Amino acid sequence: MPQMITCGSEMIRINTAKNTIEYSTSQGRSWSTRYTGSSAGTFKDLLLYGNELLAVTSKGVYYSTSQGRSWSSRYIGSSCGEFQTLQDGGRELLAITEKGLYYSTSQGRSWSFRHR
(Lines give C-alpha, C1' and ligand atoms only; values in the text may rest on other atoms or scores of the structure.)
Protein backbone atom coordinates (compact mmCIF):
# COMPACT_ATOMS: atom_id res chain seq x y z
CA MET A 1 0.00 0.00 0.00
CA PRO A 2 1.55 3.31 -1.02
CA GLN A 3 1.87 5.36 2.11
CA MET A 4 4.18 7.82 0.36
CA ILE A 5 3.84 9.48 -3.05
CA THR A 6 5.59 12.16 -5.06
CA CYS A 7 3.48 15.19 -5.93
CA GLY A 8 5.42 17.74 -7.97
CA SER A 9 8.47 18.76 -5.97
CA GLU A 10 7.06 17.33 -2.72
CA MET A 11 6.96 13.92 -1.15
CA ILE A 12 3.73 13.28 0.76
CA ARG A 13 3.34 10.44 3.24
CA ILE A 14 1.09 8.97 5.89
CA ASN A 15 2.65 8.94 9.32
CA THR A 16 0.83 5.86 10.61
CA ALA A 17 2.07 6.32 14.18
CA LYS A 18 0.36 9.72 14.43
CA ASN A 19 -2.29 9.31 11.68
CA THR A 20 -1.12 12.53 10.04
CA ILE A 21 -0.27 13.58 6.50
CA GLU A 22 3.28 14.91 6.22
CA TYR A 23 5.29 16.45 3.40
CA SER A 24 8.93 16.94 2.51
CA THR A 25 10.53 19.37 0.11
CA SER A 26 14.03 18.03 0.89
CA GLN A 27 13.74 14.57 -0.72
CA GLY A 28 12.71 13.04 2.62
CA ARG A 29 15.50 14.47 4.79
CA SER A 30 12.99 16.38 6.90
CA TRP A 31 9.20 16.19 7.25
CA SER A 32 6.50 18.68 8.26
CA THR A 33 2.91 17.98 9.25
CA ARG A 34 0.35 19.00 6.66
CA TYR A 35 -2.87 17.49 8.11
CA THR A 36 -3.79 16.43 11.60
CA GLY A 37 -7.32 15.31 12.22
CA SER A 38 -9.54 12.36 12.86
CA SER A 39 -12.66 13.32 10.87
CA ALA A 40 -11.41 11.33 7.84
CA GLY A 41 -10.60 8.25 9.91
CA THR A 42 -7.31 6.36 9.94
CA PHE A 43 -5.28 6.86 6.75
CA LYS A 44 -4.17 3.66 4.95
CA ASP A 45 -3.28 4.45 1.33
CA LEU A 46 -2.58 7.46 -0.92
CA LEU A 47 -2.98 7.90 -4.67
CA LEU A 48 -2.35 10.92 -6.88
CA TYR A 49 -5.27 10.88 -9.34
CA GLY A 50 -5.43 13.75 -11.81
CA ASN A 51 -5.36 16.97 -9.80
CA GLU A 52 -6.58 15.27 -6.63
CA LEU A 53 -4.95 13.32 -3.86
CA LEU A 54 -7.10 10.32 -2.92
CA ALA A 55 -6.85 8.47 0.37
CA VAL A 56 -8.20 5.19 1.62
CA THR A 57 -9.16 5.59 5.24
CA SER A 58 -10.99 3.51 7.81
CA LYS A 59 -14.12 5.48 6.83
CA GLY A 60 -13.88 5.08 3.03
CA VAL A 61 -12.39 7.10 0.18
CA TYR A 62 -11.48 10.75 0.78
CA TYR A 63 -10.06 13.37 -1.58
CA SER A 64 -7.99 16.52 -1.30
CA THR A 65 -7.49 19.27 -3.88
CA SER A 66 -5.02 21.04 -1.57
CA GLN A 67 -2.19 18.45 -1.53
CA GLY A 68 -3.52 16.96 1.71
CA ARG A 69 -4.18 20.14 3.72
CA SER A 70 -7.90 19.35 3.94
CA TRP A 71 -10.00 16.26 3.14
CA SER A 72 -13.57 15.64 2.01
CA SER A 73 -15.43 12.36 1.75
CA ARG A 74 -15.81 10.91 -1.74
CA TYR A 75 -17.32 7.51 -0.87
CA ILE A 76 -18.27 6.29 2.58
CA GLY A 77 -20.67 3.49 1.65
CA SER A 78 -20.42 0.06 3.22
CA SER A 79 -21.65 -2.15 0.36
CA CYS A 80 -18.08 -2.64 -1.00
CA GLY A 81 -16.61 -3.59 2.34
CA GLU A 82 -13.58 -1.95 3.88
CA PHE A 83 -11.23 -0.42 1.31
CA GLN A 84 -7.59 -1.52 1.39
CA THR A 85 -5.86 0.09 -1.63
CA LEU A 86 -6.53 2.26 -4.68
CA GLN A 87 -4.88 2.17 -8.09
CA ASP A 88 -5.17 4.25 -11.23
CA GLY A 89 -6.37 1.86 -13.91
CA GLY A 90 -6.20 4.38 -16.75
CA ARG A 91 -9.84 5.02 -17.59
CA GLU A 92 -11.05 3.79 -14.22
CA LEU A 93 -10.11 3.76 -10.59
CA LEU A 94 -9.53 0.33 -9.05
CA ALA A 95 -9.96 -0.63 -5.40
CA ILE A 96 -9.19 -3.75 -3.47
CA THR A 97 -11.62 -4.17 -0.60
CA GLU A 98 -12.31 -6.93 1.87
CA LYS A 99 -15.04 -8.12 -0.55
CA GLY A 100 -12.90 -8.19 -3.72
CA LEU A 101 -11.93 -5.97 -6.66
CA TYR A 102 -14.11 -2.95 -7.45
CA TYR A 103 -13.89 -0.30 -10.14
CA SER A 104 -15.15 3.26 -10.53
CA THR A 105 -15.56 5.38 -13.65
CA SER A 106 -16.79 8.33 -11.56
CA GLN A 107 -13.54 9.28 -9.76
CA GLY A 108 -14.55 7.08 -6.81
CA ARG A 109 -18.07 8.46 -6.26
CA SER A 110 -19.66 5.06 -7.01
CA TRP A 111 -18.23 1.55 -7.25
CA SER A 112 -19.07 -1.64 -9.14
CA PHE A 113 -17.94 -5.15 -8.30
CA ARG A 114 -15.46 -6.70 -10.73
CA HIS A 115 -14.03 -9.86 -9.20
CA ARG A 116 -13.57 -11.72 -5.94
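Residues numbered from 1 in each chain as written. Predicted model: local features only at pLDDT ≥ 70, side-chain atom pairs only at ≥ 80, totals over all residues. Heavy atoms only, no water.

## Here we look at the environment of Y103
Within the element layout of this structure, Y103 appears in strand β11 (residues 100–104). Those residues in contact with Y103 that lie beyond four places of it in its chain are E92, L93, L94, S110, W111, S112, F113 and R114. (Helix = DSSP H or I, 4+ residues; strand = E, 2+ residues; numbered from the N terminus. Contact = heavy atoms within 4.5 Å.)

## Observations regarding the pairing of strand β9 (residues 83–88)
Alignment of β9 against strand β10 (residues 93–97), held across five bridges, turns out to be antiparallel. Note on β10: the bridge partner recorded for F83 is T97. (Pairing = 2+ DSSP bridges.)

## Observations regarding the sheet that holds strand β1 (residues 4–7)
As summarised here, the arrangement of the four strands in space is β1-β2-β3-β4, forming an open sheet in which the pairing is antiparallel. Because the sheet does not close on itself, it has two edges, and the strands there are β1 and β4 (32–36). Sheet twist, expressed as the mean angle between neighbouring strand axes with direction ignored, is 25°. Here four bridges tie β1 to strand β2 (residues 10–15), and the two strands are oriented antiparallel to one another. Bridged to T6 within β2 is M11. (Axes fitted to C-alpha atoms, helices over the stretch in contact; angles between N-to-C directions.)

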